[in-house]
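One-letter residues, chain by chain:
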Amino acid sequence: DYEGAMAEWEKRLASHPGEAQPVSEIAKIHSDRLGDADAAVGVLTRHLAGRAWEPDDAAFLMFRLAEVHAEKRRDFAAAREVLEQVVARFPNTRHSANAHHKLNEVDQAEFKRMTEQRRKGGGLD
């Protein structure tokens, strides 16, 4: 009952608006269980823009957003943009270091996708 689970997370978010986990879980249900990556991006984007988050929470949600872009939507440019925002917003922190690591992973995933498409004889989309 994914709709029910989301409703429960929405209740948690309403009573604890400063918590990032409910936002992340709602987005995760959209992307992983309901197959709606666009809805997940909307949830994360709306909540990131809608309030001032503690740095750890903001980075957590931004990493989730980059993950949805890269893994579910295969939009590597959007994932890269979010990760570059993490680097700029949290310089000289573990968040920045993690974002650099994730940027390398995104580049590798994009290269792998391009290689597979070429091998199959398909074009790049």
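Residues numbered from 1 in each chain as written. Predicted model: local features only at pLDDT ≥ 70, side-chain atom pairs only at ≥ 80, totals over all residues. Heavy atoms only, no water.

(A) Quick look at the overall build of the chain. When helices and strands are tallied, the chain shows 6 helices and 0 strands. Projected onto the principal axes, the alpha-carbon positions of the chain cover approximately 50 × 40 × 15 Å. The proportion of buried residues among the 125 residues of the chain is 34%. For the chain, the share of sequence-separated contacts (at least 6 apart) that also reach a separation of at least 24 residues comes to 48%. (Helix = DSSP H or I, 4+ residues; strand = E, 2+ residues; numbered from the N terminus. Buried < 20%, exposed > 50% of the residue type's maximum accessible area, 1.4 Å probe, protein only. Contact = heavy atoms within 4.5 Å.)

(B) View of the layout of surface pockets. Counted as a void, the largest pocket has a volume near 260 Å³. Contributing to the lining of the largest pocket are 15 residues, with Ala66, Glu67, Glu71, Lys102 and Glu105 lying nearest its centre. Secondary-structure elements contributing two or more residues to the lining of the largest pocket are helix H4 (55-72), helix H5 (76-89) and helix H6 (94-120). By residue class, the composition of the lining of the largest pocket is 9 nonpolar, no polar and 6 charged. (1 Å grid on protein atoms, 1.4 Å probe; cavity = no way out; pocket = protein on both sides within 12 Å on 5 of 7 lines; lining within 4 Å. Points joined across faces, edges and corners; volume = space filled by probe spheres on them. Nonpolar A, V, L, I, M, F, W, Y, C, P; charged D, E, K, R; others polar.)

(C) Structural view of the nonpolar core. Among the nonpolar cores identified, the biggest contains 32 residues, and Val23, Leu44, Trp53, Leu61 and Leu83 are the most heavily contacted of them. Elements with a minimum of two residues in this core: helix H1 (2-15), helix H2 (20-33), helix H3 (37-50), H4, H5 and H6. Among residues more than four places away in sequence, those in contact with Trp53 are Pro17, Gly18, Glu19, Ala20, Val23, His47, Leu48, Ala58 and Leu61. (Core = buried A, V, L, I, M, F, W, Y, C linked by side-chain atoms within 4.5 Å.)

(D) Spatial organisation of the pattern of salt bridges. One pass over the full model with this rule turns up 10 salt bridges. Residue Asp56 pairs with Arg94 through a salt bridge whose shortest N-O separation is 3.0 Å. Linking Asp56 in helix H4 with Arg94 in helix H6, this pair joins segments that are 38 residues apart in sequence. When the shortest N-O distance is used, the salt bridge between Arg73 and Asp75 registers 3.9 Å. Arg73 gets classed as partly exposed once you look at its relative accessible area, which sits at 34%. (Salt bridge = Lys/Arg side-chain N within 4 Å of Asp/Glu carboxyl O.)

(E) Summary view of the side chain of Ser24. Within the fold, Ser24 resides in helix H2. Note on Ser24: relative accessible area 0%, which makes it buried. Among residues more than four places away in sequence, those in contact with Ser24 are Phe60, Leu61 and Arg64.

(F) Looking closely at the confidence of the model for the chain. Averaged over every residue, the pLDDT of the chain is 93; residues scoring 70 or more account for 97%. When mean pLDDT is compared element by element in the chain, H5 scores highest at 97, while H6 scores lowest at 93. (pLDDT = per-residue confidence, 0-100.)

(G) Spotlight on the packing of H2 against H4. Packing of H2 against H4 leaves a shortest axis separation of 10 Å and a crossing angle of 5°. Here H2 lies roughly parallel to H4, going by the angle between them. Contacts from Ala20, Gln21, Val23, Ser24, Lys28, Ser31 and Asp32 of H2 reach H4 at Asp57, Phe60, Leu61, Arg64, Val68 and Lys72. Its residues assigned to classes, the contact of H2 with H4 comprises 5 nonpolar, 3 polar and 5 charged. (Axes fitted to C-alpha atoms, helices over the stretch in contact; angles between N-to-C directions. Parallel < 35°, antiparallel > 145°, perpendicular 65-115°, else oblique.)

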